[in-house]
Structure formats: structure tokens, C-alpha cells
Amino acid sequence: MELHEIETELQNSDFQYRLKAVSALQDYPCEVAVPLLTRHVQDPEFLVRTFVARELGKQKTSESFAALLQIIKFDNTPNVRAEASNSLSLFGRISASHLVQTFVRDDHWLVRRSIQAALVEMDCPEELLEVCLLGLEGEDAAVQESSIDALGALAASRQSAPALSRLLQAKDSPYDYIRVRVAYALKHFADPAAKKALAQLRQDINHRVVGAAMEDLIP
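Rules behind the numbers
Residues numbered from 1 in each chain as written. Predicted model: local features only at pLDDT ≥ 70, side-chain atom pairs only at ≥ 80, totals over all residues. Heavy atoms only, no water. Helix = DSSP H or I, 4+ residues; strand = E, 2+ residues; numbered from the N terminus. Buried < 20%, exposed > 50% of the residue type's maximum accessible area, 1.4 Å probe, protein only. Contact = heavy atoms within 4.5 Å. Areas by Shrake-Rupley, 256 points an atom, 1.4 Å probe, with all protein chains shown as cover. Lys, Arg positive; Asp, Glu negative; His and termini not counted. Charge placed at Lys NZ, Arg CZ, Asp CG, Glu CD. 1 Å grid on protein atoms, 1.4 Å probe; cavity = no way out; pocket = protein on both sides within 12 Å on 5 of 7 lines; lining within 4 Å. Points joined across faces, edges and corners; volume = space filled by probe spheres on them. Nonpolar A, V, L, I, M, F, W, Y, C, P; charged D, E, K, R; others polar. Salt bridge = Lys/Arg side-chain N within 4 Å of Asp/Glu carboxyl O.

Asker: Would you mind going over the overall build of the protein chain with me for this structure?
Answerer: The number of helices and strands found in the protein chain is 14 helices and zero strands. By principal-axis analysis of the C-alpha atoms, the protein chain measures approximately 65 × 35 × 30 Å. Within the protein chain, the fraction of its 219 residues that count as buried is 49%. The long-range share in the protein chain, meaning contacts at least 24 apart out of those at least 6 apart in sequence, stands at 56%. Of the accessible surface of the protein chain, which amounts to about 11,100 Å², a share of 52% is contributed by carbon and sulfur atoms. Taking the average location of the 23 positive side-chain charges in the protein chain and that of its 31 negative ones, the two points are 6 Å from each other.

Asker: Hey, could you run me through the environment of V48 in this one?
Answerer: Tracing the backbone shows V48 in helix 4 (residues 46–58). Residue class for V48 comes out buried when judged on its relative accessible area of 0%. With sequence-adjacent residues up to four places away left out, V48 is seen in contact with F15, R18, L19, V22 and D43.

Asker: Which parts of the structure should I look at to understand the layout of surface pockets?
Answerer: Picture a little ball the size of a water molecule; that probe, rolled over the atoms, points out where space is still empty. Taken as a whole, the largest pocket encloses approximately 150 Å³ of empty space. Contributing to the lining of the largest pocket are V41, Q42, D43, R49, Q70, I71, F74, D75 and N76. Examining the composition of the lining of the largest pocket, we find that three residues originate from one element, helix 5 (residues 62–74), more than from any other. Here the residues of the lining of the largest pocket are counted per class, giving three nonpolar, three polar and three charged.

Asker: When you look at the pattern of salt bridges in this model, what are you seeing that I'm missing?
Answerer: Pairs can form between side chains of opposite charge once their charged atoms are near each other. Going through the model one piece at a time under the given rule, you end up with eleven salt bridges. Across the pair R54 and E83 runs a salt bridge whose closest N-O atoms are separated by 3.6 Å. With R54 in helix 4 and E83 in helix 6 (residues 78–89), this residue pair connects regions lying 29 residues apart in the sequence. In this structure R54 comes out as partly exposed when scored by relative accessible area, which is 33%. Overall, the relative accessible area of 18% leaves E83 in the buried class.

Asker: What is the right way to look at the environment of V209 in this model?
Answerer: When you line up the elements, V209 lands in helix 14 (residues 207–214). The buried category is assigned to V209, whose relative accessible area is 0%. Between the C-alpha atoms of V209 and V180, which are 29 residues apart in sequence, the distance is 4.6 Å. If near-sequence neighbours (up to four positions away) are discounted, V209 is found in contact with D176, R179, V180, A183, L201 and D204.

As C-alpha cells, then:
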């Protein structure tokens, strides 16, 4: 799409045209794309704002970084904030502390799970451990489950010991869904304490927990 067409379509009252225009900006250099994208961080249509957040992650400039931070802080739609968090993670380690701050500030499950998934991919074990511990302290079941899963992903990292320690606490959770996730997460650890905990979970009163703990033993 030609630039003059993009500029025209970005003003179209039909958001479908604005979506196509935003997507077309990926073919243009950052000095062209970023100013146009930043004009639409407050677009009335959340799908357009989602596309803007996605494209800003592909344009790695200080301006796009700042725009993503603004979206994460002020957008009223969780889907948009989650997309902006994903995009921010594409900037690498420089974004890790901002993602942790967002996790602390934003308690929506979609945003929090997006941040955890991003930190797993970024190889930021300290920051990942921090958000996992915070997630387990919260009351959202989906975030608790993703926190357990992410602790399992820390098995081969320098935060393996504290991750395992927290999993061992969680194996005694009164909630079946937590113990199921713990059973899967513990399999990533070669530590004798992890193997002992798995053996205990194979005797759990809930059949789903037992199944999760025994899954790798069944041919």
C-alpha cells in the first residue's frame, strides 16, 4: 500500500480500513511508521489499538518503546495492554524491569500471563521468579497456574533452587488445580526433593493429581 493511501485509510471512519493501514506500515522504515502509529495509540477501536501495539514492537526505537509504555499504563482494554506487553518484551532485557512493574500494577489475568510467557522466552530468571511469586500470592486461578508452570521453566536456570522451594510449598496446596500443575512442574527438576514430592503426589487423594504425577510412568 502506498504511503498516501495509508495516511488516507488511517482517517477512515470504518476501523477495518484503519486495521489494514496499520498492518501495511510494517513495510515502511521506523522514521515513517512510528509517527503514524503513535497517532493511533488512543484510537476509539480497541482492535486498531491492538494492531498498533503489535506493530510498535516491530519498530525498535525509543519513541516506540515510550509509546508502548504509555499503552501499558493507560489503555482501558486488557487485550491491548497484553499485546503491548508482548511487544515491549521484543526489546530484550531493557524491558524486563518494566514488565515486572506492569505485573505488579496490573492484576488482569491476561496481562499477567502474557508477561510471564514473555519473560520465559526472554531468559530473565530473576524477573520471572519475582512475578511467579507475586502471581501465586494473588487470587486468580489462571495466573496461579501459569506461575506454577513458569517456575518449572526455571529448573535449568540460576533460580532453580528458589523455584523448587516454592513448588515444594505449593505441593501441599488445598486446591487440586494447583497440585496438578505442581506435579507437571516438578518433572523438570532432577533434585531428589522434587522426586520425593512427585512420589507423594502419586498418592494424592485427587485422581487428576495422581494422573499428572504418574503420566510419564505410563507407557
